[in-house]
Amino acid sequence: MFDQDMLIADLRFEIKALKDKLEAFESGEKYIQMEKEFLRCRNADARTIRRLKNELADARREMIHVRNLWFATCDDF
């Protein structure tokens, strides 16, 4: 009997949690929260991409500079 009462109590808590979740979606609150989270993640990804592009551009500039130094050294011989 005790196990059955515990099961019923657990099911009631789960029903309450699901109703709250459904209410948040129906009110639009959850969508707003999800959109904010999406924008935060998207902006973080954009910052990462921008940083990596800058690093790549720096590496290319360095490679060109070293190549030019190398050719200048070879031309001296």
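Asks: Looking at this model, I keep getting lost on the overall build of the protein chain. Mind explaining?
Replies: Along the backbone of the protein chain there are two helices and zero strands. The C-alpha atoms of the protein chain give a radius of gyration of 30 Å, which is well past the 11 Å a tight globule of 77 residues would have. Expressed along its principal axes, the backbone C-alpha trace of the protein chain runs to roughly 95 × 30 × 10 Å. The buried share of the protein chain, reckoned over its 77 residues, is 3%. Only carbon and sulfur atoms are counted for the fraction: they give 61% of the accessible area of the protein chain, which is about 7600 Å². Seen as two clouds, the 15 positive and the 16 negative side-chain charges of the protein chain have centres 6 Å apart.

Asks: Any chance you could explain the packing of helix α1 (residues 2–27) against helix α2 (residues 29–76) here in plain terms?
Replies: Between two packed helices, both the angle of their axes relative to each other and the distance between the axes serve to describe the pair. Two numbers describe how α1 lies on α2: the axes approach to 4 Å, and their chain directions differ by 75 degrees. Classified by the angle their axes make, α1 and α2 are roughly perpendicular. Judged by residue contacts, A24, F25 and S27 of α1 engage E29, K30, Y31 and M34 from α2.

Asks: Help me understand the pattern of salt bridges in this model?
Replies: It is possible for side chains of opposite charge to pair when their charged atoms get near one another. Inspection of every chain in the model, using the stated rule, returns four salt bridges. Residue R40 is joined to E37 by a salt bridge in which the shortest nitrogen-to-oxygen separation is 2.6 Å. One end of the pair is R40 and the other is E37, both in helix α2 and three residues apart, which spans about a single turn. Its salt-bridge partner being R61, residue D58 comes within 2.2 Å of it at the nearest N-O pair. Taken together, the positions of D58 and R61, both in helix α2 and three residues apart, correspond to about one turn of that helix.

Asks: Just checking my understanding: could you explain the packing of aromatic side chains for this structure?
Replies: One pair of aromatic rings is described through two measures. These are the centre distance and the angle between the planes. Tallying each qualifying case throughout the model produces one aromatic pair. Consider the rings of F25 and Y31, whose centres lie 5.4 Å apart with planes at 75 degrees: the pair is edge-to-face. With a relative accessible area of 28%, F25 lands in the partly exposed category. For Y31, a relative accessible area of 49% gives the class partly exposed.

Calculation rules
- Each chain has its residues counted from 1, following the order in which its sequence is written.
- The predicted origin of the model limits local features to residues at a pLDDT of at least 70 and limits the giving and counting of side-chain atom pairs to 80 or more, whereas totals for whole chains, interfaces and linings rest on all residues.
- Remark: hydrogens and water are excluded; side-chain values derive from all non-hydrogen atoms of the structure.
- For helices the rule is a DSSP run of H or I covering at least 4 residues; for strands it is a run of E covering at least 2, with both sets numbered from the N terminus onward.
- For the radius of gyration, the atoms used are the C-alpha atoms, and the globule rule reads 2.2 Å times the number of residues raised to 0.38.
- Note on classification: 1.4 Å probe, protein chains only; a residue is buried when its accessible area is under 20% of the maximum for its type, exposed when over 50%, partly exposed between these limits.
- A 1.4 Å probe and the Shrake-Rupley method give the accessible areas. Residues count as covered only by the protein chains that appear here.
- We score Asp and Glu as negative and Lys and Arg as positive, and we do not count His or the chain ends.
- Lysine's charge is taken at NZ, arginine's at CZ, aspartate's at CG and glutamate's at CD.
- Each axis is a line fitted through C-alpha atoms, and for a helix only the stretch in contact is used; angles between axes span 0 to 180 degrees, taken between their N-to-C directions.
- Oblique is the label for every angle not falling under 35 degrees (roughly parallel), over 145 degrees (roughly antiparallel), or within 65 to 115 degrees (roughly perpendicular).
- The contact definition used throughout considers only heavy atoms, calling two residues in contact when any of these lie within 4.5 Å.
- Just to be clear on terms, a salt bridge is a Lys or Arg side-chain nitrogen sitting within 4 Å of an Asp or Glu carboxyl oxygen.
- Aromatic rings from Phe, Tyr and Trp, with only the six-membered ring used for Trp, were paired whenever their centres fell within 6.5 Å, and each pair was classed as stacked if the ring planes differed by under 30 degrees, edge-to-face if by over 60, and tilted otherwise.

Keep in mind that these numbers describe shape and distance, not what the molecule does.
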